[in-house]
Amino acid sequence: MNRSAASRPRPHSRKAGGRRREEHCKTEEKADDVAPRGTCTTMCPISEVRQREAQNRLHHFEVLAGTERNRLPRADVCRAVKEYSRPAAGKDTTRASELRPPDVLLKTVCYLVDDVAACPSRQPWTEVYSFVFDRLRSVRQDMVIQRVSGPECASVLERTVRFLLYASYRLCGQPLRLYDPHINDTHLQESLSWLLECYSEGQHQHQDEFQALSLLYNLGSPRALQHALELPHKVRHSSPVQLALALNRAYMERNPVRLLRLAQRLDFLQACALHRHLLSCRRDLLLLYSHGHSSRNCRFPIQKLADILSLECSLAAQLCQTHGIHVNGDYVVFSKGSFTESPSEELQCAHMHKLVDDKQQDLSLSNIIHGIA
Amino acid sequence: ERVTALFSQVLEAIDTRDGVFCAELLSFKHPHVANPRLQLSSPEDKCQQVLEPPYDEMVAAHLRCTYAVANHDFVEAYKSFQAHKEENWYVSCSHCLRGQAEQQLQKKGKGKVGDMLEKAAEQLMSCFRVCASDNRAGIDDSKKWGMLFLINQLFKIYFKINKLHLCKPLIRAIDSSNLKDDYSMAQRVTYKYYVGRKAMFDSNFKLAEEYLSFSFQHSHRSCQRNKRLILIYLLPVKMLLGHMPTTQLLKKYDLMQFTDVTKAVSEGNLLLLNEALAKHETFFIRCGIFLILEKLKIITYRNLFKKVYLLLKTHQLPLDAFLVALKMMQVEEVDIDEVQCILANLIYMGHIKGYISHQHQKLVVSKQNPFPPLSSVS
């Protein structure tokens, strides 16, 4: 594979630059250095399998069936996956036998998606997430060290981003010790920026999809918007990007009614990307209406409010009450004086997922992450 | 005159993208520094007339240095400053030169230029720290005088690589400095230009107007280019605050792209606004003001709705009337619910005094000044 020498990928993602530099070995700094090329043909280098086996550090997803209760469980070589390891002084991360080349990396990702993440018998999903998250991180680490770029890099990153987006929705509301949305977000943003940088050269089949996902996930971000405005004409005018831009415009104009209406048109994954902004959009609607409809004789029908909020009536009523809006049977009374910002602990985003839930229908997780939805 | 000869050498170096030679010209290694006719105390104006930024400032700085050194006024402090940091200063400036040259040569190599600019920024930052922490010398000889120049260079880079948040600590440094009003006007104009743009980005429009206006008013009269550049950012801010530019002004500074936008906003003509934004999209996006101009939509709604109010001559306006107005402006897929939301937002922002009655499907406005003047609304 002569590609890596001829077309050196550029260091990317200024935001995560510090972290990524950490993961480079020191010799990388020399201008004429050639990127290491991996030769490991398995998902986990044999040396690591043996080591972790001997130290009883196998994950139970990697253990050979029947040996779980042994003092030292045996590794199932077909299911062991290289784990992420923090770079440290003296640790050589560039040994070719321990690096997986791009085709093996893609196979690894497919295994993680099809046989772990999408496997219904693996429960709880928080544990599945932790495992896949870590192993995907290791895949990215191998890509960084080998300076993989172009379509091979994009294929891996696309699946990573879809997985992390899905997770951000599915695990929303889980206790912090099981799932940390902030950590998920950091890795998601990093992978997304890297992916968008891959797209800056050459043609990519899924570019429209991911430019749109980036705009939705980063709703209202001037940086994401400016980037989108500077995209090539064809990408910018593709329907996913146009829809994402329309949603952003509605957000910038502070028209949550329009935003929530446009959100109906999103597909499942797009809705996952947008979902973390939904609660604040709904809250904003209530704030604007509290001011705009503020009058003594105000009687705003709950059903109508529920419709524009894309919520069921009972949830709409609950949301109102949380924000100090008086609910009177079938009506609410808006008053600018009584609206309160403070979010209640009880009503969380996770209770209001129906808008997103409904879109999943019978899509398999596997198809969602591979993009065959 | 030797100065013009120097200028033409610098210009030639810039044109031929010879970063190395240019840097050499601006360093103390070149023999011309001994020439008394080049030792000018205030060369800024001459430089601004002949050279484009950032070269004008760099050459001006260089010429000021030659003057100072020749006069022995600043001898020890200044010389040591030059000897110590000169290498870095001019090396990083030549990095910038190369960076900009390369930018023109390879539009594709976005990554590379960004990295070079970041490296240049790092070096400038270290120079800056030396200047900022210079507490030894007396105020006349202090390295602190170099601060604003360096900050302006850093701003330039941060804006180019789109990392505006890095401007904040620099702004704080100047705000807390007792020298801030004593730097040269040229430097202060540049500084306020960038800080004004940053304020725009932070949606702090009143502050942005203050800074950009200062920059515009104090810009050198002969510097049409600079004034035009400042105006590109000042105009949208003023429009958001309700002040429309005259066609005369736009003609004078060759900014006719704004005429339709201005007309559309003042008339409440959403259709024309959308068309105007689309027509000059490339220009607005390149300048980074497209997103801000879109904010003018809210002002346009307000102006349109005011027309509806004036037309119907009543304080209880049917919501349907607004819907009709929007549909006439060919706003896509708008319905009564959205109309309510737009109105609610205008009321929330203080652009309309009144309330919406959902039961009666009406907007009830105050009998007194229901559409307060734009300049009075924050």
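Residues numbered from 1 in each chain as written. Chains lettered and ligands numbered in written order. Predicted model: local features only at pLDDT ≥ 70, side-chain atom pairs only at ≥ 80, totals over all residues. Heavy atoms only, no water.

1. Considering the interface of chain B and chain A
What counts, and what does not: Only heavy atoms matter for contacts: two residues are in contact if any of them lie within 4.5 Å across the pair. Here, a salt bridge means any side-chain nitrogen of Lys or Arg that lies within 4 Å of a carboxyl oxygen of Asp or Glu. Polar contacts, as used here, are pairs of N or O atoms within 3.5 Å; protein pairs need one atom able to donate a hydrogen and one able to accept it. Residues neighboring in sequence count only if both atoms are side-chain atoms. Put simply, DSSP H or I for four residues or longer makes a helix, DSSP E for two residues or longer makes a strand, and each gets a number counted from the N terminus. The classification used treats Ala, Val, Leu, Ile, Met, Phe, Trp, Tyr, Cys and Pro as nonpolar, Asp, Glu, Lys and Arg as charged, and all other residues, Gly among them, as polar.
At the interface, 34 residues of chain B touch 35 residues of chain A. Our enumeration of links across chain B and chain A arrives at seven salt bridges. The closest approach of N and O atoms between B:Asp335 and A:Arg261, which form a salt bridge, is 2.7 Å. Connecting chain B to chain A are 16 residue pairs in polar contact (both at pLDDT 80 or more). Secondary structure elements with two or more residues in the side of chain B that touches chain A: helix 6 (110-132), helix 15 (281-287), helix 16 (290-294), helix 17 (296-312), helix 19 (336-349) and strand 2 (354-357) of chain B. It is helix 19 of chain B that contributes the most residues to the side of chain B that touches chain A, nine residues altogether. Residue composition of the side of chain B that touches chain A, by class: 13 nonpolar, eight polar and 13 charged.

2. What about the sheet that holds strand 3 (residues 362-365) of chain B?
Residue and element names in this part refer to chain B. The condition that has to hold: Here, any two strands with at least 2 DSSP bridges between them count as paired. Axes here mean lines fitted to C-alpha atoms, for a helix over just the part in contact, with angles spanning 0 to 180 degrees between N-to-C directions.
If you trace the three strands from one edge of the open sheet to the other, you get 1-3-2, paired in antiparallel fashion. Sheet topology places strand 1 (316-318) and strand 2 at the edges, where each strand pairs with a single neighbour. Between one strand axis and the next, the sheet turns through 25° on average, direction left out of account. Along the sheet, helix 19 makes contact with strand 2 and strand 3, crossing strand 2 at roughly 155°.

3. Quick look at the nonpolar core
Filter applied, for reference: Nonpolar core, defined: a set of buried Ala, Val, Leu, Ile, Met, Phe, Trp, Tyr and Cys residues in which side-chain atoms within 4.5 Å join the residues together. Here's how the labels work: a residue is buried when its accessible area is under 20% of the maximum for its type, exposed when over 50%, partly exposed in between, all with a 1.4 Å probe on protein chains only.
Counting 206 residues, the largest nonpolar core has A:Trp125, A:Tyr289, A:Leu305, B:Phe258, B:Val261, B:Phe305 and B:Leu326 as its most contacted members. Counting residues per element, this core draws most heavily on helix 6 (residues 150-170) of chain A, which supplies 11 residues. Apart from residues no more than four positions distant in its own chain, B:Phe258 is found in contact with B:Ile232, B:Leu235, B:Pro236, B:Met239, B:Leu250, B:Phe283, B:Phe284, B:Ile289 and B:Leu293.

4. What about the sheet that holds strand 2 (residues 326-328) of chain A?
Residues and elements named next belong to chain A. Pairing within the open sheet is antiparallel, and its three strands lie in the order 1-3-2. Both outer strands of the open sheet, strand 1 (300-301) and strand 2, are each paired with one neighbouring strand and no more. Where strand 1 meets strand 3 (residues 331-333), two bridges bridge the pair, whose relative direction is antiparallel. Considered in strand 3, the bridge of Pro 301 is made with Tyr 331.

5. Quick look at the pattern of salt bridges
Residues and elements named next belong to chain A. Within the structure shown, the criterion is met by 27 salt bridges over all chains. Its salt-bridge partner being Arg 135, residue Glu 62 comes within 3.1 Å of it at the nearest N-O pair. You can see Glu 62 sitting in the loop between helix 3 (46-54) and helix 4 (102-117) and its partner Arg 135 sitting in helix 5 (residues 125-146), a full 73 residues away along the chain. Arg 254 is paired through a salt bridge with Asp 284; the nearest N and O atoms lie 2.7 Å apart.

6. Comments concerning the UniProt feature "domain: PCI" (unreviewed entry) in chain B
Cut-off, in case you're wondering: UniProt positions are given in the numbering used here, feature names are shortened, and annotations may be inferred rather than shown by experiment.
The residues that UniProt annotates with the feature "domain: PCI" (unreviewed entry) are residues 189-370 of chain B. The straight-line gap between the two end C-alpha atoms of residues 189-370 of chain B is 40 Å; of that span, 68% is helix and 6% is strand.

7. Regarding helix 7 (residues 147-160) of chain B
Going by this rule: What a helix is expected to span follows from its residue count: subtract one and scale by 1.5 Å.
With 14 residues, helix 7 of chain B should cover 20 Å at 1.5 Å per step; its first-to-last C-alpha distance of 20 Å lies within 8% of that length. Within helix 7 of chain B, 13 of the 14 residues are buried, which leaves it mostly tucked inside the rest of the structure.

8. Section: the pairing of strand 2 of chain B
Residue and element names in this part refer to chain B. Across four bridges, the pairing between strand 2 and strand 3 is antiparallel. Each bridged residue has a counterpart across the sheet, and for Ile 356 the counterpart in strand 3 is Leu 363. Taking the residues between adjacent antiparallel strands as the criterion, strand 2 and strand 3 are bridged by four residues, where Gln 361 takes a positive phi near 50°.

9. A short note on the side chain of A:Ser290
Residues and elements named next belong to chain A. Tracing the chain through its elements places Ser 290 in helix 14 (residues 278-292). We classify Ser 290 as buried; its relative accessible area is 0%. Excluding its chain neighbours within four sequence positions, the residues that come into contact with Ser 290 are Ile 325, Phe 334, Ser 335, Lys 336 and Phe 339.

10. Quick notes on the packing of helix 6 of chain A against helix 7 (residues 181-198) of chain A
Residues and elements named next belong to chain A. Going by this rule: Just so you know how the angles are binned, under 35 degrees is roughly parallel, over 145 roughly antiparallel, 65 to 115 roughly perpendicular, and the rest oblique. Should the near helix be turned anticlockwise from the far one by less than a right angle, the crossing is left-handed, and should it be turned clockwise, the crossing is right-handed.
Between helix 6 and helix 7, the least distance of the axes is 9 Å, while the angle of their chain directions is 150°. Taken together, helix 6 and helix 7 sit at an angle that is classed as roughly antiparallel. The two elements helix 6 and helix 7 meet at a crossing, and its hand is left-handed. Contacts between helix 6 and helix 7 involve Gly 150, Cys 153, Ala 154, Leu 157, Glu 158, Thr 160, Val 161, Leu 164, Leu 165, Ala 167 and Ser 168 from the former and Asn 184, His 187, Leu 188, Ser 191, Leu 192, Trp 194, Leu 195 and Cys 198 from the latter. Taken together, the residues of the contact of helix 6 with helix 7 break down into 12 nonpolar, six polar and one charged.

11. Here's the deal with the state of the cysteines
Residues and elements named next belong to chain A. The test is simple: Two cysteine sulfur atoms make up a disulfide if the distance between them is within 2.5 Å.
Counting across every chain of the model gives zero disulfides over all chains. As a non-bridged cysteine, Cys 78 has Cys 44 as the owner of its nearest cysteine sulfur, 12 Å distant. Relative accessible area serves as the criterion here: at 61%, Cys 78 is assigned to the exposed category.

12. Quick notes on the packing of aromatic side chains
Residue and element names in this part refer to chain A. Put simply, the test is: Stacked, edge-to-face and tilted labels apply to pairs of Phe, Tyr and Trp rings (six-membered ring for Trp) whose centres lie within 6.5 Å, assigned for plane angles under 30 degrees, over 60, and everything in between, in that order.
Here the structure, examined in full by the defined rule, presents 23 aromatic pairs over all chains. Ring geometry for Trp 125 versus Tyr 129: centroids 6.4 Å apart, planes at 35°, classification tilted. Linking Trp 125 with Tyr 129, this pair stays in helix 5, spanning four residues, or about one helical turn. Taken together, a centroid distance of 5.6 Å and an interplanar angle of 40° make the contact between Tyr 129 and Phe 133 tilted.

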